Structures are given as C-alpha cells and as structure tokens.
Amino acid sequence: MREDRRFWKGNGCLVYKRCSKEEQDGCLQDQDATIATMRRELGLTEVLAGFEDDGKRGHDEKRPGLLAILNPVRPHPNPVRNNSDFIPILVYELSRFGRFDDSKKIFAYFVEIERYGYEFYSVTDKIRSRGNIADFVQAIIKSEQAYDYSVNLSKYGLRAGCSLATRGWWPGGSAPYGFDRMTYGPDGTAKYR
C-alpha cells in the first residue's frame, strides 16, 4: 500500500462506473480494472457490488446507478470525527461521475454524500471531494471541461453527418433496411462491405 496516497483509516469503499454508450465495449471493464488496481494499492475492499450505469449520459441525473449509490449511503450513515473517517466512493475519473450542464452541480452530490460520511475519489485524476482547495478548483474545471467535451462532440457529429449527407453519403450508423453498408477511404476507394 502506498502510504502517501492513503487518506482513509478504514478499509471499506464503494465503486461507481459509467459509460455513455452501450457500444463502448469494454469501457466498464477497463474502468473496473483501473479502479481495482488502485483499490489494491490503497488496501481498500469493495464492501458492496459496484454501482454502474451502462449506456447512460453523464448529464442524466436519473441514472439508476447514480441514484442507487445513494441508497446504501443515506440509511447507513458513517459517523465521522475527522477527514480520515470518511468512506471513499471510487470513480475512474470525474467525467464518469457526470457531465453536468452546470459545472457546480457536481458539488451538490459531493455535499449529499459527505453529509453521511462518504466522499468521492477519482482514481485517475487523484481528486478527493473532501480534498483541499486545489481539489475543488480541479473538480470544477474538469467538470466544465467534461460538459464542453460532450457539447463539442455533439456539434462535431451533427456537422459531420450533415456534410456526408449533402455529398450523397449515408451519415453513419447501421445501414437502412434493404441496403448494404460500404465503407470508403479518404481517397474514395471502397474499403469493405
């Protein structure tokens, strides 16, 4: 165990994972592997089965996994006397927790779970919800970046789809009924059908 990164006295933790599209094969498994490595490094044991949202958007506050993680927290408060008494909820990175339209919204969830003696910890960002001022600044910046990324990705997808359609190409995804899908390279030659 790395003592320089051990913030908690206890050994228990909860885990939350999310991927935004069901087509992201392996996303939840990759998050789980990274979280498990960090969990072992920190000497933490997962006390409940992990909470996850597969194919759920980050701005959706009605995600079943997000709401479910509050279920064991509320009725089983963890009394704390100091920072090391909190129980961590491990997430891969802050954007997996959510891509909220208001970057300050992430703090509402931080406050909610901290009221019951739990805190979020991002294993790749190394950000604690109960951390210092640098953690708070990073959390709000990363939250804003995550939402902006989502918005820009949508704009790019729409622009690319419209551009392909105006050139007479199907803009992507599954081919319509009765059609075969053919992929072409940048030079216009067929790649595969």
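For the structure itself, look to the data block above.
Predicted, not measured: the structure shown is a model, and the values here were computed from it. (Residues numbered from 1 in each chain as written. Predicted model: local features only at pLDDT ≥ 70, side-chain atom pairs only at ≥ 80, totals over all residues. Heavy atoms only, no water.)

Colleague: Which residues make up the overall build of the chain, and what values do they have?
Modeller: Of the regular secondary structure elements, the chain holds five helices and eight strands. For the chain, with 193 residues in total, the buried portion stands at 37%. Sequence separation of 24 or more characterises 69% of the internal contacts of the chain that already satisfy a separation of 6 or more. Per element, the accessible surface of the chain, about 11,500 Å² overall, is 52% carbon and sulfur. (Helix = DSSP H or I, 4+ residues; strand = E, 2+ residues; numbered from the N terminus. Buried < 20%, exposed > 50% of the residue type's maximum accessible area, 1.4 Å probe, protein only. Contact = heavy atoms within 4.5 Å. Areas by Shrake-Rupley, 256 points an atom, 1.4 Å probe, with all protein chains shown as cover.)

Colleague: Describe helix α1 (residues 27–42), and please don't skip the residues or the numbers.
Modeller: Its 16 residues give α1 an end-to-end C-alpha distance of 23 Å, which sits within 8% of 22 Å, the value for a rise of 1.5 Å per residue. Of the residues making up α1, those classed as buried are C27, L28, Q31, I35, A36, M38, R39 and L42. Tucked inside the fold, the buried residues of α1 contact β1 (12–19), β2 (45–46), β3 (51–54), β4 (87–91), α3 (94–97) and β5 (118–122). Among the residues trailing α1, G43 stands out with phi positive, at a value near 70 degrees. (Expected span 1.5 Å × (residues − 1).)

Colleague: An account of the nonpolar core is requested, with residue identities and associated values reported.
Modeller: Membership of the largest hydrophobic core comes to 21 residues, with the highest contact counts inside it found for L14, Y16, I69, I89, F97, Y118 and F120. Ranked by size, the runner-up nonpolar core spans 11 residues in total, among them I35, L42, L90 and Y121. (Core = buried A, V, L, I, M, F, W, Y, C linked by side-chain atoms within 4.5 Å.)

Colleague: Describe in detail the pairing of β5, supporting the description with residues and values.
Modeller: The element β5 is extensively covered by neighbouring structure, given that five of its five residues are classed as buried. With burial as the criterion, each face of β5 is covered, one bearing Y118, F120 and S122 and the other bearing E119 and Y121. For β4 and β5, the ladder comprises five bridges, and the chain directions are parallel. From the neighbouring strand, I87 faces β5, where its bridge partner is Y118. Where β5 and strand β6 (residues 127–128) come together, two bridges link them in antiparallel fashion. Its bridge partner lying in β6, S122 is registered against I127. Linking β5 to β6, which pair antiparallel, is a turn of four residues; within it K126 sits at a positive phi near 60 degrees. (Pairing = 2+ DSSP bridges.)

Colleague: Would you mind going over the packing of aromatic side chains in detail, with residue names and values included?
Modeller: All told, the structure shown has five aromatic pairs when counted by the stated rule. Consider the rings of F107 and F110, whose centres lie 5.5 Å apart with planes at 90 degrees: the pair is edge-to-face. Residue F107 and its partner F110 are both found in helix α4 (residues 105–114); the two are separated by three residues, about one turn of the helix. Given a relative accessible area of 4%, F110 falls into the buried group. Among the aromatic residues, those joined into a ring-pair cluster are F7, W8 and Y121. (Phe/Tyr/Trp six-rings, centres within 6.5 Å; stacked < 30°, edge-to-face > 60°.)

Colleague: Give a detailed account of helix α2 (residues 64–73), specifying residues and quantitative values.
Modeller: Taken together, the buried positions of α2 are G65, L66, I69, L70, P72 and V73. End-on view of α2: buried residues confined to an arc of 165 degrees, all on one side of the axis. On the buried face of α2, the contacting elements are β1, β3, β4, α3, α4 and β5. (Arc of directions from axis to C-beta.)

Colleague: Can you tell me about unusual backbone geometry, naming the residues and giving the values?
Modeller: The phi dihedral of K126 is positive, around 60 degrees, even though this residue is not glycine. Relative to the helices and strands, K126 is located in the loop between β5 and β6.

Keep in mind these values describe shape, not function.
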